[in-house]
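# Structural characterization, general
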Amino acid sequence: MQITPHVHCLWLEFEIKTPAGERIPRFVTSYILAGDTLTLIDTGVASTAPDIFGYIESIGRSPQEITHVLLTHSHFDHIGGNGLIAERAGPEFLGPEAERRMIEDLDYQHGVRPVGRMRDAVSGPVKLAGFIAEGDEISPGSVAVRVLHTPGHSAGSLSFFMPEEGALISGDVLPEPGTLPIYESVADTLASLEKLKTLERVKVLLSAMSRKVSRDEAVASHIESGQGYMREIDGLVQEVLSQKGDDVSPGEAAEFVFERLGLPRAGLIPIVLRSMKAHLDEGPI
Ligand SMILES: [Zn+2]
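Report follows, based on the coordinates. (Residues numbered from 1 in each chain as written. Predicted model: local features only at pLDDT ≥ 70, side-chain atom pairs only at ≥ 80, totals over all residues. Heavy atoms only, no water.)

### So, the pairing of strand 3 (residues 38–41)
Where burial is concerned, the two faces of strand 3 agree: the one with L38 and L40 and the one with T39 and I41 are both buried. With antiparallel pairing between neighbouring strands as the criterion, strand 2 (residues 23–34) and strand 3 make up a hairpin whose turn holds 3 residues. The pairing of strand 3 with strand 4 (residues 66–70) spans 4 bridges and is parallel. Each bridged residue has a counterpart across the sheet, and for L40 the counterpart in strand 4 is V69. (Buried < 20%, exposed > 50% of the residue type's maximum accessible area, 1.4 Å probe, protein only. Helix = DSSP H or I, 4+ residues; strand = E, 2+ residues; numbered from the N terminus. Pairing = 2+ DSSP bridges.)

Written as structure tokens, this is what we have:
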């Protein structure tokens, strides 16, 4: 879907298979900056790479025109197409230095952040050609991009602002109310969201966690809904701590939060427990 003159957003469908053979439908988000050449922001999973190529052809361009790939962060559902895109177009991959090993070494990522059948969902790996960081102003394919460091969901998470389009791509840093709590730091998430909310000249917000396209006044309210959800989760974690004491386990905290938020117990997966552990270790905000 074309969002602004140069920014296209793709919501790509895929399925996760559970060990019991159940298929869970999910979506990943990828973006195309269509300038003199094509820049891809995040590459989805391996099975969605053909959809990216198909979309590019549907707008009259060619996948071979992809000269750059910008990665918001290292999680498998944002880098899973890397290998197939490298084979097809050979672009330069750029991402955050703090997540270099997670991007380049998929066995390492699977070891420290196990997510079901992640290895089936990723192609590659590829090496980063360079790093991008807070304040960088780049213009791949002649489309101006300002890089923002927005940690919280992960330590190296980046957001991208295209000033000429007024378009902000926030990666996974903006938690959507009702989704599973997946983050590494509550304080960093809240600070990053405040930074995005106060950014000037944002006309449209694209969050990888959502299929919403927020425009004008809806941008700030969308970010505020994420801040509110993060604070709500934090309030529940502080409540369970005050009830059960400091030795509450990540599993107990997660069960409490899930019950109070009405989240499905099937969502009590290792990466959620990892978030809860980080939250308990972080202490009061
Ligand atoms: Zn992520």
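After that view of the structure, there is still more to cover.
### A few points about the coordination of the zinc ion
Each donor-metal-donor angle in an ideal tetrahedron of four donors is 109.5 degrees, and each such angle in an ideal octahedron of six donors is either 90 or 180 degrees. Protein-derived coordination of the zinc ion comes from H73 (NE2), H75 (ND1), H153 (NE2) and D172 (OD), at a distance range of 2.1 to 2.4 Å. Around the zinc ion sit 4 donor atoms; with metal-centred angles ranging over 88 to 175°, the donor geometry is irregular. Counting the intervening residues between successive donors of the zinc ion yields the motif H-x1-H-x77-H-x18-D. On the criterion of sequence distance, the pair formed by H73 in the loop between strand 4 and helix 2 (76–79) and D172 in the loop between strand 10 (167–169) and helix 7 (186–197) is long-range, its members being 99 residues apart. Accessibility classification places H73 together with D172 in one group, the buried group. (Donors = N, O, S within 2.8 Å, 3.2 Å for Na, K, Ca; no water. Tetrahedral: all angles 85-135°; square planar, octahedral: opposite > 155°, others 65-115°.)

### Remarks on the pairing of strand 2
Relative to strand 2, strand 1 (residues 7–17) runs antiparallel, the two sharing 11 bridges. The residue bridging E13 from the neighbouring strand is F27, located in strand 2.

### Describing the packing of helix 7 against helix 8 (residues 217–244)
Contact pair helix 7 / helix 8: the axes reach a minimum separation of 10 Å and the direction vectors enclose 165°. As summarised for this structure, helix 7 and helix 8 are arranged roughly antiparallel, according to the angle between their axes. Between helix 7 and helix 8 lies a crossing whose hand is left-handed. The residues of helix 8 that touch helix 7, namely those facing V186, T189, L190, L193, E194, L196 and K197, are A220, I223, E224, G226, Q227, M230, R231 and D234. Considered class by class, the residues forming the contact of helix 7 with helix 8 number 7 nonpolar, 3 polar and 5 charged. (Axes fitted to C-alpha atoms, helices over the stretch in contact; angles between N-to-C directions. Parallel < 35°, antiparallel > 145°, perpendicular 65-115°, else oblique. Left-handed = near helix turned anticlockwise from the far one by under 90°. Contact = heavy atoms within 4.5 Å. Nonpolar A, V, L, I, M, F, W, Y, C, P; charged D, E, K, R; others polar.)

### Comments concerning helix 7
Side chains three or four residues apart in an α-helix point the same way, a direct result of the helix having 3.6 residues per turn. The first and last C-alpha atoms of helix 7 sit 16 Å apart over 12 residues, in line with the 16 Å expected at 1.5 Å per residue. Turning to helix 7, its buried residues number three or more, namely V186, T189, L190, S192, L193 and L196. One side of helix 7 holds all its buried residues, which, seen down the axis, span an arc of 165°. Buried residues belonging to helix 7 abut strand 8 (145–149), strand 9 (158–162), strand 10, helix 8 and helix 10 (270–282). Its side-chain oxygen at 3.5 Å from the backbone nitrogen of A187, S185 defines the N-terminal cap of helix 7. (Expected span 1.5 Å × (residues − 1). Arc of directions from axis to C-beta. Polar contact = N/O pair within 3.5 Å; in protein donor to acceptor, adjacent residues only side chain to side chain.)

### Concerning the packing of aromatic side chains
Applying the stated criterion across every chain, the model contains 0 aromatic pairs. One cation-aromatic arrangement involves R88 over F53; the distance from NZ or CZ to the ring centre is 4.6 Å. Above the face of the Y108 ring, R101 is positioned so that its terminal group lies 3.8 Å from the ring centre. (Phe/Tyr/Trp six-rings, centres within 6.5 Å; stacked < 30°, edge-to-face > 60°. Lys NZ or Arg CZ within 6 Å of the ring centre and 35° of its normal.)

### Some thoughts on the nonpolar core
By size, the foremost hydrophobic cluster in this structure holds 30 residues, and its most contacted members are I32, L40, I52, I66, V69, F76 and I85. The set of elements that each furnish at least two residues to this core consists of strand 1, strand 2, strand 3, helix 1 (49–58), strand 4, helix 2 and helix 6 (118–121). Take this core: its biggest share by element is 5 residues, from helix 1. Not counting residues within four places of it along the chain, the set of residues in contact with I66 comprises L38, L40, F53, I56, I85, A89 and P91. Core analysis: the second largest hydrophobic core is formed by 21 residues, M230, I233, V237 and A253 among them. (Core = buried A, V, L, I, M, F, W, Y, C linked by side-chain atoms within 4.5 Å.)

### Some thoughts on the sheet that holds strand 6 (residues 130–131)
Neighbouring strands of a sheet are bound in pairs by backbone hydrogen bonds; such pairs are parallel or else antiparallel. Reading across the sheet, the 6 strands line up as 1-2-3-4-5-6 and stay open at both edges, with mixed pairing between neighbours. Taken across any chain shown, the strands that pair with only one partner, and hence form the sheet edges, are strand 1 and strand 6. Against the sheet, helix 1 makes contact with strand 1, strand 2, strand 3 and strand 4, and its axis sits at roughly 155° relative to strand 1, the strand it touches most.

### Quick word on the sheet that holds strand 7 (residues 137–138)
Strand order in the open sheet made by the 6 strands is 7-8-9-10-11-12, with mixed pairing throughout. The sheet is open, and its two edges are formed by strand 7 and strand 12 (213–215), each paired on a single side. Bridge count for strand 7 against strand 8 is 2 bridges, and the pairing is antiparallel. By the bridge assignment, E137 is partnered in strand 8 with R146. Packed onto the sheet, helix 8 meets strand 11 (204–206) and strand 12 and runs at close to 125° relative to strand 12.

### Digging into the packing of helix 8 against helix 10
Packing of helix 8 against helix 10 brings their axes to within 11 Å, and their N-to-C directions diverge by 70°. The angle between helix 8 and helix 10 places the two elements in the roughly perpendicular class. Both helix 8 and helix 10 take part in a crossing whose hand is right-handed. Two secondary-structure elements touch here, helix 8 through I233, D234, V237, Q238 and L241 and helix 10 through M276, H279 and L280. For the contact of helix 8 with helix 10, a count of residues per class yields 5 nonpolar, 2 polar and 1 charged.

What is shown is where atoms sit, not what they do.
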